[in-house]
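Observations on chain architecture
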Amino acid sequence: MPTRNLAKWKILLNEFDIVYVTEKAIKGQALPDHNAENPVDGDYEPLTTYFPDEEVLFAGEDTVESYLGWGMFFDGVANFKGVEIGAVLISESKKYYPTSTKIRLPCTNNMAEYEACILGIGMAVDMNIKELLVIGDSDLLIHQVQGEWSTKNVKLLPYQHRIKELCKKFTKIEFKHVPRIQNEFADVL
């Protein structure tokens, strides 16, 4: 079907002396193209580049730096490509321990967020961490786990119970909601 549409557009564009060229894959070819255009020789000096949005990648550090224990960012997404979840544990010495996985079961976005949170908290339990600040951009999950909002969706109740069971293994655990822009660590995964 898409091929038929492309052929149709090509025929229509020919009338106006416009040439349609199918775009090549950019993502996979960008690095080889860059390396071909910038060969390394004996006088190689590293490129010095300026990234104006460089601090965006570290937007969450302010949140974690004010906390003396371990921190954890989590995020989950469910879309037509599947369900992917990720979490990043940040140690007291600011070392990062990322984890991510793909889920093969059909999930809603909220279920994916819960799965990601459980993945990160489970990893913290396995690492014998006793104090944890859990940071996520899911307003629903954070408020439900804190008991501020009730859980009406019966599919989310088992997830909420699992998180509460895992929370019992900590001497101190806090949950904090941050805007999506400050959840870049987990989004990258």
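Anything mentioned here points back to the structure above.
Because the structure is a prediction, the values reported are computed rather than measured.

A look at the overall build of the protein chain
Counting its secondary structure elements, the protein chain contains 7 helices and 5 strands. Starting at the N terminus, the α and β elements of the protein chain follow one another as α-α-α-β-β-β-α-β-α-α-β-α. Per-residue burial for the protein chain yields a buried fraction of 33% across its 189 residues. Restricting the contact set of the protein chain to residue pairs at least 6 apart, pairs at least 24 apart contribute 69%. With the model as given, the accessible surface of the protein chain reaches about 13000 Å², and the carbon-plus-sulfur share is 56%.

Some thoughts on the sheet that holds strand 5 (residues 172-177)
Overall, mixed pairing links the 5 strands, which are arranged 3-2-1-4-5 in an open sheet. This sheet does not close on itself; its edge strands, each paired only once, are strand 3 (96-103) and strand 5. Direction aside, the axes of adjacent strands within the sheet are offset by 20° on average. With 6 bridges connecting them, strand 4 (residues 131-136) and strand 5 associate as parallel partners. Residue pairing for strand 5: Ile-135 is matched across the bridge by Lys-176. Along the sheet, helix 4 (residues 109-126) makes contact with strand 1 (70-79), strand 2 (82-90), strand 3, strand 4 and strand 5, crossing strand 1 at roughly 150°.

Considerations on the pairing of strand 1
Counting buried positions along strand 1 gives 8 out of 10 residues, so the element sits mostly inside the fold. As judged from the 9 bridges shared by strand 1 and strand 2, these two strands associate in the antiparallel manner. When the sheet's bridge partners are listed, Gly-71 is paired in strand 2 with Ile-90. Connecting the antiparallel pair strand 1 and strand 2 is a turn made up of 2 residues.

Rules used throughout
Residues numbered from 1 in each chain as written. Predicted model: local features only at pLDDT ≥ 70, side-chain atom pairs only at ≥ 80, totals over all residues. Heavy atoms only, no water. Helix = DSSP H or I, 4+ residues; strand = E, 2+ residues; numbered from the N terminus. Buried < 20%, exposed > 50% of the residue type's maximum accessible area, 1.4 Å probe, protein only. Contact = heavy atoms within 4.5 Å. Areas by Shrake-Rupley, 256 points an atom, 1.4 Å probe, with all protein chains shown as cover. Pairing = 2+ DSSP bridges. Axes fitted to C-alpha atoms, helices over the stretch in contact; angles between N-to-C directions.

Just distances and angles here, no functional claims.
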